[in-house]
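# Secondary and tertiary structure notes
The residues making up each chain are set out below.
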Amino acid sequence: MISQELNDMITRIGPGTQAGAVLRHYWQPAALNDEMEDGLPVAVNLMGERLALIREGELLVLATRHCPDDAPSAQYPPSHEIEIDTSGPSYPAHEIKGIAFAYMGPGAPPPFPQFDCFRAPDSHVFAFKGLWHCNWLQALEIGIDPAHASFLHRFLQDEDQEDSYGKQFRDKAAHTNMPITQLLRDYPRPDIEVEETGYGLKITALRHMENDLTHVRVTNQIFPEAICIPMSREMTITQWHVPVDDETCYWYTIFTSFQKPVNKDLMREQRLKEHRLPDYAPLKNRENNYHYDPAEQAKLTYTGMGMDINVHDQWAVEGMGAIQDRTQEHLGRSDVAIIHYRRMLRRAIADLSDGRSDALPMQGDIAGLRGPLSNDAIADSKDWKAASHAVDLERRAACPWDASV
Amino acid sequence: METNTSGQWVIVAQSHQLDRSRPLIPVTLDEKPFVLFRDEEGKLGLIGRHCPHRGADLCYGRLEDNGLRCPFHGWHFDRYGQCVEQPAEPEGSRMYTQIKVPMVPVKEENGAISAWMALEGDAR
């Protein structure tokens, strides 16, 4: 449990807030390239500000737009109705890997880290987003909680992996014939190790299996509000939980493929089927009870909300309320990465209030940051660390683009 | 929980509302969210709607093992709101013994379900 005062401090992100100041020191996803296909300006609702992407000469700029006070959080007027407010702030923006990022902080924007999602060629990445009606921090926290996958995403039967392209947790666990779904179900108490790194946190979930084997799943928190996790043996997910305002956020994901180019048409089609435009709100949502079906919950899935794990996550984080009341929470051992992350965020807030912005993660020299390693492996329990590393190196070595670390 | 004798019984639902394969409905008491369910013994539980772990909505919980299980991490609660299992916590952890969801006493008479509404604070 934390105090209301602390909960406010780490969740609220509008102009002038402390957590908002931390987030503003990093590039923020502002729009998908897909949204800009019909031309600019494109409305953007980001960090509690009403904005629009425009072009000034060659430069992409995120300018302030006029917006009525009572407009919905995710309001997207068509281009011809957007009026730029030249008295408001404007920010530099930059298109990379299917996303227009903006820098809303002081001073010069930091360089983009050389993570896989930014190094892979355009053919090997695909970007998408989705709207969640909750604060960004609870959306991030579910992504650094490796235990929940054994419950929230539990399938009571294992799906045929033939139909698994572009979906999470449908592969077979590395070097075995065991579907990941079965592994998560059979081993629900992972040991979780958390290590602070130059980019955030490396989170290792160890599921100790029979015959002295251990399943090693490495995921990452990328400061301040992203995660990088494996999706399948072929792809990783780098996902930002971007505040629209205090009570609404988008997930922006770059799917990154190591070996084969991404089938973008299929990836887009799968996801557009589940979302509406222009606000990318999921079709399964609180208003329709996430299509909750008690009969399905009894037989097929843990939630009764279908096979799409994004919907499970959305239910979990939206059900907490617009801003999770952390004065009532009881964190356990499974929440060790969440506890560590909040400590980092509070340290960053303290550093900024002491005028030490260069003490924040990735604000100094980031030349050495690669990867991050993000994968599943099964290894002899004795040397799981080396085995996890070796599996990652093997995949990188076989990759047609430079994924060296 | 201490019962405040200056409180009163208030009808919060009709028994027939729970006549379905999954006997569980949301109930709002004093503007606070609760969930009313019937366990496998047929007994009623009226407990806080948000899981005390990280606040997930127990209205979508799994009615199983004679109680209500949160789909987020499998924390399991009996009809008194007592946590009886935390399957993601380490083997041997006793943390669950310290975890309780707010619980309101209920009674069922003549097809009506009533909750004991204390005047002050004890039914949070």
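Provided above is the structure to which this section pertains.
This report concerns the structure included in the present document. Here, residues in each chain are numbered from 1, in the same order as that chain's written sequence. Each chain is given a letter, starting from A, and each ligand a number, starting from 1, according to the order in which they appear as written. For a predicted model such as this one, the threshold for reporting local features is a pLDDT of at least 70, and the threshold for listing and counting side-chain atom pairs is 80 or more; totals across whole chains, interfaces and linings nevertheless cover every residue. The side-chain quantities take in all heavy atoms of the structure and omit both hydrogens and water.

A cis geometry characterises the amide bond from L277 of chain A onward to P278 of chain A, with omega recorded as 5°. Strands are runs of DSSP state E lasting at least 2 residues, helices are runs of H or I lasting at least 4, and numbering of each runs from the N terminus. Summarising the element assignment, P278 of chain A is placed in the loop between β14 (275-276) and β15 (281-282). Here the amide bond leading from G371 of chain A into P372 of chain A is cis, since omega sits at -10°, within 30 degrees of zero. Here P372 of chain A lies in the loop between α9 (336-353) and β16 (376-380). With a phi angle near 55°, Y290 of chain A is a residue other than glycine that sits in the positive phi range. Position of Y290 of chain A relative to the elements: it lies in the loop between β15 and α7 (294-299). Unusually for a residue other than glycine, E31 of chain B sits at a positive phi of about 65°. In this structure, E31 of chain B sits in the loop between β2 (24-29) and β3 (32-38).

Residues and elements named next belong to chain B. Relative to the assigned elements, E40 resides in the loop between β3 and β4 (44-48). Residue classification places E40 among the exposed positions, given a relative accessible area of 58%. For the pair E40 and G67, spaced 27 residues apart in sequence, the C-alpha separation works out to 7.4 Å. Polar contact is defined as a pair of N or O atoms within 3.5 Å, subject to the rule that within protein one atom must be able to donate a hydrogen and the other to accept it, and that residues adjacent in sequence are counted only when both atoms are side-chain atoms. Only 3.1 Å separates the side chain of E40 from the backbone nitrogen of D65, close enough to count as a polar contact. Accessible area is worked out with a 1.4 Å probe on protein chains only. A residue is then buried under 20% of its type maximum, exposed over 50%, and partly exposed in between.

This next bit is on the sheet that holds strand β9 (residues 106-109) of chain B. All names here are of chain B. On the basis of which strands lie adjacent, the open sheet formed by three strands has the order β1-β10-β9 and antiparallel pairing. The sheet is open, and its two borders are formed by β1 (8-14) and β9, each paired with just one other strand. Between one strand axis and the next, the sheet turns through 35° on average, direction left out of account. Strands are treated as partners if at least two bridges between them are detected by DSSP. Bridging between β9 and strand β10 (residues 112-117) involves four bridges; their strand directions are antiparallel. Bridging across to β10, E109 finds its partner in A112. Here, axes are lines fitted to C-alpha atoms. For helices the fit covers the stretch in contact, and angles between N-to-C directions go from 0 to 180 degrees.

All names here are of chain B. Cysteine sulfur atoms that come within 2.5 Å of each other are treated as a disulfide pair. Taken as a whole and judged by the stated rule, the model has zero disulfides over all chains. With no disulfide of its own, C70 lies closest to C51 among cysteine sulfurs, the gap being 4.0 Å. Overall, the relative accessible area of 1% leaves C70 in the buried class.

Contacts between the two partners involve 34 residues from chain A, matched on the other side by 27 residues from chain B. As used here, buried area is the combined drop in accessible area, with a 1.4 Å probe, of two parts when they are placed together. For the pair chain A and chain B, the two sides together bury roughly 2,500 Å², of which 56% comes from carbon and sulfur. In terms of surface lost to chain B, no three residues of chain A exceed R189, W315 and H330 of chain A, which account for 27% of the buried area on that side. Take a side-chain nitrogen of Lys or Arg and a carboxyl oxygen of Asp or Glu: if they are within 4 Å of each other, that pair is a salt bridge. Viewed at the interface, chain B and chain A are joined by three salt bridges. As a salt-bridge pair, E91 of chain B and R189 of chain A come within 3.8 Å of each other at their nearest N and O atoms. Counting every contact that joins chain A to chain B gives 18 residue pairs in polar contact (both at pLDDT 80 or more). If you tally residues by element for the side of chain A that touches chain B, the top one is α7 of chain A, at three residues. Any residue that is not Ala, Val, Leu, Ile, Met, Phe, Trp, Tyr, Cys, Pro, Asp, Glu, Lys or Arg is counted as polar, Gly included; the first ten are nonpolar and the last four charged. Looking at the side of chain A that touches chain B, its residues break down into 17 nonpolar, 11 polar and six charged. Throughout, a contact is declared for two residues whenever any of their heavy atoms are within 4.5 Å.

What is shown is where atoms sit, not what they do.
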